[in-house]
Amino acid sequence: MTRRNPVNRAQRRLARPPRERFATRTLSFDVDGETCRGTLYLPGGDGSDPPTVVMAPGLGAERSFGYPAIAERFADAGYAALLFDYRGFGASDGDEQVIHPASQRADYAAAIDRLGEVDAVGRETVLWGTSLSAGHVLTLAADRRDIDAVVAVTPLLDARRIVRARGPKYVARAGVRGVRDLLGHRLGRGRSVPIAGSREELAAITEPGSKRGYLDLVDRESRWRNETPARSLLRLVNYRPGERIGEIRAPTLLLAGTDDAIVPVDGVVAAGSDLDRGTVVTMPADHFTPFGADFEPAMGHQLSFLRDAFED
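In this numbering scheme, every chain counts its residues from 1 along its sequence in written order. Note on the predicted model: pLDDT of at least 70 is required for a residue's local features to be given, and 80 or more for side-chain atom pairs to be given and counted; whole-chain, interface and lining totals, by contrast, use all residues. With hydrogens and water excluded, all non-hydrogen atoms of the structure serve as input to the side-chain values.

Notes on the overall build of the chain
Secondary structure summary: the chain contains nine helices and ten strands in total. The C-alpha atoms of the chain give 18 Å as radius of gyration, which agrees with the globular expectation for 312 residues (20 Å, within 12%). Seen through its principal axes, the chain has C-alpha atoms that stretch 55 × 40 × 40 Å. Each residue's exposure class comes from its accessible area (1.4 Å probe, protein chains only) as a fraction of the maximum for that residue type: buried when under 20%, exposed when over 50%, partly exposed otherwise. The buried share of the chain, reckoned over its 312 residues, is 55%. The contacts in the chain between residues at least 6 apart in sequence include a share of 73% that link residues at least 24 apart. Entry remark: accessible area of the chain is about 13,400 Å², with carbon and sulfur atoms responsible for 46%. By the criteria applied, helices consist of DSSP H or I runs no shorter than four residues and strands consist of E runs no shorter than two, each listed in order from the N terminus. The globule rule is 2.2 Å times the number of residues to the power 0.38, and the radius of gyration it is compared with is taken over C-alpha atoms. By the convention used here, residues are in contact when the closest approach between their heavy atoms is within 4.5 Å. Surface exposure here means Shrake-Rupley accessible area, sampled with a 1.4 Å probe, where a residue is shielded only by the protein chains that are shown.

Next comes the structure, spelled out in structure tokens:
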């Protein structure tokens, strides 16, 4: 469940909008026989038919990990926001915590379709993502023509580049562990790896300082485990959503941190040149501080972009 005050270290000092400035309701939708669950944030006041920001967490995360603070700010600014958990995570069906880009994109697509049945929101749709989920929304925006704007925060554009930078030893170990899990999980002999780990660990995220930055966003009352089946590594290694970025026609914001050890800022800036209607913002931040220490400037850039996008 997404609570008003998640217990995470990174957001203890954030200013949150007064509760009367927005409303929430639970929302669920089915994907291939399973159910995703989320929270719909609605702006207060007399505004009607607001654009809706569709949001899901980054790599291996749950929606309670700092994301409610962002959804609240969107609602306070006059947008609706649907924040949901992927299948296998949080309040949604399943608990394997498998990271599967294609399945997670299908969850996003089903969330967009579900909004078509909600009377309280308009038909304008913003896709929002961070890290891995930013890659998902960029890919979906390339596929669809019913998206009105895209916000990608510290976007993962080329997982292959990230993995190769970790060295051949990491690549070999990840391949072996992933294949063993792929073959063994049906027999109850699956193998897991940490989602956030140190450089010495075989984890999905290993860059210096990233483990602490990630875990400081974890809701301490969550049942989340810092692990994912090792086969997740196989699905991540060839994920290159940046290759589709030139196909996006909606206004798109790429927000990059100059101190990001996971997603190199130069790659984000270069990708922005391929956008037809792109805005690239770089700011002094790492991969996780837009949710904590750099929350205010990061939200300022996002809200400014959306104002401009919907004034056009």
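From this point on, the discussion continues.
Here we look at the pairing of strand E2 (residues 34-43)
In terms of burial, E2 is largely enclosed, as eight of its ten residues are buried. Each pair of strands is called paired provided DSSP finds at least two bridges between the two strands. One ladder, built from ten bridges, connects strand E1 (residues 22-31) with E2; its direction is antiparallel. Counterpart to Ser28 in the pairing with E2 is Arg37. Count of turn residues in the E1/E2 antiparallel hairpin: two residues, of which Asp32 carries a positive phi of about 50 degrees. Here E2 pairs with strand E4 (residues 80-84) via four bridges, running antiparallel. From the neighbouring strand, Thr39 faces E4, where its bridge partner is Leu83.

Re the pattern of salt bridges
In the sections that follow, a salt bridge refers to a side-chain nitrogen of Lys or Arg positioned within 4 Å of a carboxyl oxygen of Asp or Glu. In total, this model carries 23 salt bridges according to the counting rule given. Taking the shortest distance from any N to any O, the salt bridge between Asp113 and Arg144 comes out at 3.7 Å. Taken together, the residues span a long stretch of sequence, with Asp113 in helix H2 (residues 101-115) and Arg144 in the loop between helix H3 (132-143) and strand E6 (149-153) at a distance of 31 residues. Assessed through its relative accessible area of 48%, Asp113 is described here as partly exposed. For Arg144, a relative accessible area of 19% corresponds to the buried category. We note a salt bridge from Arg114 to Glu117, for which the minimum N-O separation is 3.3 Å. A relative accessible area of 21% places Arg114 in the partly exposed class. Several salt bridges share partner residues, and in doing so they unite Asp32, Glu34, Arg87 and Asp107 into one network.

A short note on unusual backbone geometry
In the Ramachandran plot, Gln97 falls in the positive-phi region, its phi being about 60 degrees despite a non-glycine side chain. Inspection of the secondary structure assignment puts Gln97 in the loop between E4 and H2. A relative accessible area of 3% means that Gln97 is categorised as buried. The phi dihedral of Thr154 falls on the positive side, at around 40 degrees, and the residue is not glycine. Turning to its location among the elements, Thr154 is positioned in the loop between E6 and helix H4 (159-165).

Overview of H2
Over its 15 residues, H2 runs 22 Å from end to end, which matches the ideal 21 Å to within 8%, given 1.5 Å per residue. Taken as a whole, H2 has its buried residues at Pro101, Gln104, Asp107, Tyr108, Ala109, Ala110, Ala111, Ile112 and Leu115. The span expected for a helix works out to 1.5 Å for each residue beyond the first.

So, helix H5 (residues 168-184)
Taking 1.5 Å per residue, 17 residues should reach 24 Å; H5 reaches 24 Å between its end C-alpha atoms and fits that length. If you check which residues of H5 are buried, you get Tyr170, Ala174, Gly178, Asp181 and Gly184. The buried residues of H5 occupy an angular sector of 140 degrees when projected down its axis, which confines them to one face. Facing away from the buried side of H5 by more than 90 degrees, the exposed set consists of Pro168, Lys169 and Leu183. Its buried side turned inward, H5 meets H4, strand E8 (228-229) and helix H7 (231-237). Of all possible arcs, the one meant is that of the directions from the helix axis to the C-beta atoms.

Observations concerning the side chain of Thr130
Along the polypeptide, Thr130 turns up in strand E5 (residues 125-130). Overall, Thr130 belongs to the buried group, its relative accessible area being 2%.

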